[in-house]
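# Residue-level structural notes
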2 protein chains.
Amino acid sequence: MGLDDRKLAVLRAIVEDYVATQEPVGSKALVERHQLGVSPATVRNDMAVLEEEGYIRQPHTSAGRVPTDRGYRLFVDRLSRVKPLSPAERRAIERFLVGAVDLDDVVHRTVRLLAQLTRQVAVVQYPSLARSKVRHLELVPISTTRLMVVMIADTGRVEQRLVELPAPVPADDVTDLRKLVNEKLVGSQLAETPPLVQALVEESAPHLRPAMTTLSTVLLETLVERHEERLALAGQANLTRGGLLDFQGSLRPILEALEEEVVLLKLIGETEPSTTRVLIGDENEFDNLRAASVVSTGYGPGSTIVGGLGVLGPTRMDYPGNIAMVRAVARYVGELLAQN
Amino acid sequence: MGLDDRKLAVLRAIVEDYVATQEPVGSKALVERHQLGVSPATVRNDMAVLEEEGYIRQPHTSAGRVPTDRGYRLFVDRLSRVKPLSPAERRAIERFLVGAVDLDDVVHRTVRLLAQLTRQVAVVQYPSLARSKVRHLELVPISTTRLMVVMIADTGRVEQRLVELPAPVPADDVTDLRKLVNEKLVGSQLAETPPLVQALVEESAPHLRPAMTTLSTVLLETLVERHEERLALAGQANLTRGGLLDFQGSLRPILEALEEEVVLLKLIGETEPSTTRVLIGDENEFDNLRAASVVSTGYGPGSTIVGGLGVLGPTRMDYPGNIAMVRAVARYVGELLAQN
DNA sequence: GACTGGCACTCGCTACAGTCGAGTGCCAGC
DNA sequence: GCTGGCACTCGACTGTAGCGAGTGCCAGTC
């Protein structure tokens with residue numbers, strides 16, 4: 001049952017070769033390319049054990065071996081060291097991210113950078129509003145019964161929403177409303193505001209009540225509960241590398257999954273803080289993505305986490321490399337955010 | 001040389017059958033399915049002429065005929081009537097768009113709707129800032145030397161940008177600046193503001209000059225010149241319908257093109273107002289899209305045009321249907337915008 | 001007991017030949 | 001100008017055969 005060191009070395013060699021060549025790897029090729037110090041026959045015996053344990057499999061009887069999802073998992077957990085970035089890669093990251101003027105700009109640059117570095121599909125979640133603090137709330141009258149609410153978060157995110165007021169509200173009242181919401185909400189985490197927002201209504205002067213009620217409803221509804229999360233996506237063309245061999249010939253399910261924000265958020269939405277998460281093949285809870293792997297991590301200024309980012313590609317991917325790059329990019333982005 | 005009515009009917013039949021079946025269509029099948037009133041042999045003669053003129057071609061000697069890009073062009077220009085929408089489709093449009101709370105919301109719903117209706121890739125351009133009027137400019141101090149400029153356009157678009165000031169600016173000065181920019185710019189088209197923005201600096205009180213200079217530079221630079229355009233995209237999974245037959249087996253170039261905002265903007269960025277534009281195959285100026293067709297049109301409140309929207313798919317697409325849907329959706333969105 | 005060399009076996013891949021049939025072009029006749 | 005008939009083309013499919021990479025097993029060696 002136990003996998004001795006050599007068997008593990010064989011597995012590592014198989015993963016590395018298969019990732020590099022995309023072809024099932026046989027015992028002979030293996031001993032040629034790696035210094036295993038044993039003969040092909042011995043390797044074959046080891047392979048038989050590895051296969052029995054479910055770490056590798058044969059596509060056809062007369063073919064070489066290919067890692068299974070379980071094999072990749074073992075590889076990632078125990079057999080790979082995080083690959084240090086090359087100086088060129090470090091430079092690319094810096095060059096790419098320096099000069100961003102905007103949160104939008106930062107996110108877009110980041111997602112393109114990740115896609116380019118890893119040659120996979122990249123996903124970056126905007127800083128979550130739930131984890132941001134309110135920096136300013138602006139109310140702009142559009143007409144007497146319409147208000148545009150613009151919220152600026154400390155992470156740089158700006159969200160707006162149109163509010164339909166129950167009755168016309170004069171300009172002076174808007175000023176009062178603005179003052180009130182800013183006094184009460186600036187500096188607080190949005191996720192924790194429901195009671196605050198509630199209190200807002202109660203503390204308003206009677207003539208402001210109706211307007212404040214709608215306003216607070218909208219604030220709660222759209223900024224806290226609903227589609228508060230945003231995503232940026234890039235590198236979808238990378239799915240077509242490796243011909244049709246990856247993803248068992250059909251990009252369809254993958255492309256479909258990539259169009260579902262909810263799915264992507266679950267994928268890269270950070271869970272445990274700051275660890276890098278790797279989901280391999282059918283570890284994925286979405287059927288459409290059973291042929292794919294995801295490497296993701298959280299990012300944020302300093303040690304806090306405000307959002308997630310990651311890459312998605314075939315299970316046959318360069319895990320150590322991608323993990324290193326995802327981490328590095330997340331760190332750089334965090335530094336960038338911390339500067340604000 | 002002249003194509004008489006029957007030859008045109010034959011071409012129309014070929015296009016319709018090929019679009020429906022995705023298979024080269026032969027003379028016999030043609031007379032069976034369409035009441036042409038002549039024998040296969042006659043149709044064959046007509047086909048020979050059509051082929052000579054470049055409207056159709058044979059994939060192989062012993063196969064049926066397939067329309068060329070030129071054939072589709074003739075079909076679109078002279079042989080097809082815009083297909084009226086089905087009641088179900090009309091209902092779908094209304095159901096989908098009613099209840100949008102936001103410009104973002106409108107755009108996202110629209111692009112998804114288009115993708116779903118046409119079963120193609122859909123692209124929607126946000127209302128162009130150049131064609132919008134300034135409704136309000138908000139300046140929010142982030143620190144003493146940093147300002148967030150938020151511009152709200154009459155089309156509902158909200159753009160923000162961080163401004164790094166040359167020197168600390170006290171809160172009172174920010175109020176003055178805000179008042180000044182709003183007085184001068186609200187109500188004007190951004191595309192026509194350069195002189196106005198210029199004037200701003202000159203008219204400012206001396207102590208506001210430095211700040212106003214940076215501010216105006218940023219305004220011009222990012223809101224007018226640079227990436228002022230935004231896009232929404234949906235339905236990329238539709239590219240995989242029709243197996244690998246469309247797009248000669250590789251989605252790569254298409255996916256790459258779809259990642260280039262500039263390319264997409266050129267495609268759907270409206271040119272002549274309000275006509276529906278159809279680009280077929282190699283009429284397309286981007287090499288990557290020579291296997292694709294694009295149907296696009298402008299939209300906007302009332303009769304003005306503020307942005308473009310459209311669909312992209314294989315040259316083998318249902319032109320009359322897609323043209324009808326693109327137009328219908330554009331009209332509905334226009335009405336929706338007009339309500340604001 | 002672990003490793004190795006040898007050997008028979010499997011099976012996907014490629015090449016080749018043969019058949020089938022859809023579809024064509026052409027021509028003589030109406 | 002249209003039609004029916006006919007010879008022809010050529011892709012798609014089928015079946016066969018040979019090749020070779022790769023395996024599993026076994027007997028022999030250290």
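Residues numbered from 1 in each chain as written. Chains lettered and ligands numbered in written order. Predicted model: local features only at pLDDT ≥ 70, side-chain atom pairs only at ≥ 80, totals over all residues.

### Overview of the overall build of chain A
So the rule is basically this: We count a stretch as a helix when DSSP gives it H or I for four or more residues in a row; a strand needs E for two or more, and each element gets its number in order from the N terminus. We take the radius of gyration over the C-alpha atoms and set the globule estimate at 2.2 Å times the residue count to the 0.38 power. Burial in this document is a count-based property: other C-beta atoms within 10 Å of a residue's C-beta are tallied, and the residue is buried at 20 or more, exposed at 12 or fewer, or partly exposed in between, with C-beta positions derived from the backbone.
The number of helices and strands found in chain A is 12 helices and 10 strands. Taking 2.2 N^0.38 as the reference for a compact globule, 340 residues should give roughly 20 Å; the C-alpha atoms of chain A span a radius of gyration of 26 Å, well beyond that estimate. In terms of principal-axis extent, the alpha carbons of chain A reach across some 90 × 40 × 35 Å. Taking all 340 residues of chain A together, the buried fraction comes to 43%.

### Some points on the interface of chain B and chain A
Put simply, the rule reads: By the criterion used throughout, residues are in contact when their C-beta atoms, derived from the backbone, lie within 7 Å. Each residue receives one of three labels: charged for Asp, Glu, Lys and Arg, nonpolar for Ala, Val, Leu, Ile, Met, Phe, Trp, Tyr, Cys and Pro, and polar for the others, Gly being one of them.
Across the boundary between the two partners, chain B contributes 22 residues, which contact 22 residues of chain A. For the side of chain B that touches chain A, the element with the most residues is strand 6 (residues 158-164) of chain B, which contributes four residues. A class-by-class count of the residues in the side of chain B that touches chain A yields 11 nonpolar, five polar and six charged.

### A word on the protein's contact with DNA strand C
Just so we agree on the cut-off: Near, as applied to residues and a molecule or strand, means the residue's backbone-placed C-beta atom lies within 6 Å of it.
Around DNA strand C sit 20 residues in total, of which V38, H60, T61 and S62 of chain A together with G26 of chain B are the nearest. Sorting elements by how many residues they give to the surface near DNA strand C places helix 3 (residues 40-52) of chain B first, with four residues. Residue classes in the surface near DNA strand C are distributed as seven nonpolar, 10 polar and three charged.

### Here's the deal with the sheet that holds strand 5 (residues 146-153) of chain A
Residue and element names in this part refer to chain A. Stated formally: Pairing between strands is defined by DSSP: at least two bridges between the two strands are required. Here, axes are lines fitted to C-alpha atoms. For helices the fit covers the stretch in contact, and angles between N-to-C directions go from 0 to 180 degrees.
Reading across from one edge, 4-5-6 is the order of the three strands in this open sheet, with antiparallel pairing throughout. Unpaired on one side and paired on the other, strand 4 (134-143) and strand 6 (158-164) mark the two borders of the sheet. Between one strand and the next, the sheet's axes are offset by a mean angle of 20°, whatever the strand orientation. Inspection of the sheet shows strand 4 paired to strand 5 by eight bridges, in the antiparallel sense. Each residue of the ladder has a partner; that of L139, found in strand 5, is V149.

### A closer look at the sheet that holds strand 6 of chain B
Residues and elements named next belong to chain B. Taken in spatial order, the three strands make up an open sheet running 4-5-6, and their pairing is antiparallel. At either end of the open sheet lies a strand with only one pairing partner, and these are strand 4 (134-143) and strand 6. Strand-to-strand twist in this sheet, taken as the mean axis angle between neighbours without regard to direction, amounts to 20°. Against the sheet, helix 7 (residues 171-185) touches strand 4 and strand 5 (146-153), its axis set at about 165° to strand 4.

### Considering the relation of the copies chain B and chain A
What counts here: C-alpha atoms of residues with pLDDT of at least 70 in both copies form the basis for the least-squares superposition of the copies.
Aligned on chain A, chain B shows an RMSD of 0.1 Å; the corresponding rotation is 180° and the shift along the axis is 0.1 Å. Such a combination of rotation and displacement between the chain copies is what one expects of a two-fold axis. Taking C-alpha positions as reference, the residue of chain B nearest the rotation axis is E138 of chain B, located at 4.0 Å. Of the interface residues in chain B, 100% have counterparts in chain A that sit at the interface too, so the contact is made through matching surfaces.

### Concerning the protein's contact with DNA strand D
Not every one of the 20 residues close to DNA strand D is listed here, only the nearest: G26 of chain A together with V38, H60, T61 and S62 of chain B. At four residues, the largest contribution of residues to the surface near DNA strand D is made by helix 3 (residues 40-52) of chain A.

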